[in-house]
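# Architecture and fold: a report
One-letter residues, chain by chain:
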Amino acid sequence: MNMNESRINYNDVRLSPHFKLREFLHLGKHPENFPTMQVVANLTFGCLMVLEPARLIAGPIIVTSGFRCEAVNRKVGGVRNSQHLTGQAADIHLADPSRFRQLVEFLKTCEYTDQLLTGSTWLHVSWTPFGTPRHFIRIGYYK
């Protein structure tokens, strides 16, 4: 653990009104998964511009995967260039699965959505704070 890691209480860092940094790190399962300040800034952008507006439409969102350091990304079988590595992606599902279609429809039209890949009840969404979003949409990508 480096000096910066020991000074930060990740449980207290709020990225937006409804999302905390700890939701995106899963340190209990992956204790090595420490973000840089740039990753925190990227996650904050995603929360404010994508996830908070999505929450207004579809209700509470549960983050199952957010930031992944390289070691965690390898462990979970993530792709080499995953946006999770930079804090620009989240895998999510809803507290109320009946609102999943509303969530998907919103994210398809959200100007900040870079990538949207859906399964039956969960999805992967990414954003790009420093470029033009690709709006790459694949419904039913995960079977």
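Below or above, wherever it landed, is the structure these notes cover. All residue numbers refer to positions counted from 1 along the written sequence of the respective chain. pLDDT decides what is reported in this predicted model: residues at 70 or higher carry local features, side-chain atom pairs at 80 or more are listed and counted, and totals for whole chains, interfaces and linings draw on all residues regardless. For the side-chain quantities, the full set of heavy atoms in the structure was used; hydrogens and water were omitted.

### With respect to the pairing of strand S5 (residues 113-118)
For S5, a buried count of six out of six residues is recorded, marking the element as mostly surrounded by other parts of the structure. Strand pairing is defined by DSSP finding a minimum of two bridges between the two strands. Strands are runs of DSSP state E lasting at least 2 residues, helices are runs of H or I lasting at least 4, and numbering of each runs from the N terminus. Inspection of the sheet shows S5 paired to strand S6 (residues 122-127) by five bridges, in the antiparallel sense. Counted as the bridge partner of threonine 113 is tryptophan 127 from S6. Examined bridge by bridge, S5 and strand S7 (residues 136-138) share three bridges and lie parallel to one another. Residue pairing for S7: leucine 117 is matched across the bridge by arginine 138. Relative accessibility decides the category of a residue: with a 1.4 Å probe and only protein chains considered, values under 20% of the type maximum give buried, values over 50% give exposed, and everything between is partly exposed.

### Re helix H3 (residues 37-58)
Relative to the 32 Å expected for 22 residues at 1.5 Å per residue, H3 spans 29 Å between its end C-alpha atoms, a close match to the ideal helical length. Fitting axes to the seven residues that end at a residue and to the seven that start at it, the angle between those axes gives the bend at that residue. The sharpest bend along H3 measures roughly 40° and falls at cysteine 47. The positive-phi residue at the C-terminal boundary of H3 is glycine 59, with phi of around 95°. Expected helix span is computed as 1.5 Å times (number of residues minus one).

### Observations concerning the packing of aromatic side chains
Working definition: a ring pair exists when centres of Phe, Tyr or Trp rings (six-membered ring for Trp) sit within 6.5 Å. Plane angles under 30 degrees give stacked, over 60 give edge-to-face, the rest tilted. Applying the stated criterion across every chain yields a total of two aromatic pairs. Where phenylalanine 45 meets tyrosine 112, the ring centres are 5.8 Å apart and the plane angle is 85°; that geometry is what we call edge-to-face. Of this pair, phenylalanine 45 sits in helix H3 while tyrosine 112 sits in the loop between helix H5 (100-109) and S5; the two residues are 67 residues apart in sequence, bridging distant segments of the chain.

### A few points about the sheet that holds strand S3 (residues 61-65)
Reading across the sheet, the five strands line up as S3-S4-S6-S5-S7 and stay open at both edges, with mixed pairing between neighbours. The outermost strands of the open sheet, each flanked by one partner alone, are S3 and S7. Strand-to-strand twist across the sheet, computed as the mean angle between neighbouring axes with direction ignored, equals 25°. For this analysis, residues touch if any pair of their heavy atoms sits within 4.5 Å. Helix axes use the C-alpha atoms of the stretch in contact, all axes being lines fitted to C-alpha atoms, and the angles between their N-to-C directions lie in the range 0 to 180 degrees. Together, S3, strand S4 (89-94) and S6 form the strand contacts of H3, whose direction differs from that of S6 by roughly 135°.

### Considering the packing of H3 against H5
Two numbers describe a pair of packed helices, the interaxial angle and the distance between the axes. Between H3 and H5, the least distance of the axes is 9 Å, while the angle of their chain directions is 140°. Between H3 and H5, the interaxial angle falls into the category oblique. The two elements H3 and H5 meet at a crossing, and its hand is right-handed. Note on element contacts: H5 touches H3 through Gln102, Leu103, Phe106 and Leu107, opposite Val50, Pro53, Ala54, Ile57 and Ala58. Note on terminology: angles under 35 degrees are roughly parallel, angles over 145 are roughly antiparallel, angles of 65 to 115 are roughly perpendicular, and the others are oblique. Each crossing gets its hand from how the near helix is turned against the far one by less than a right angle, where anticlockwise is left-handed and clockwise is right-handed.

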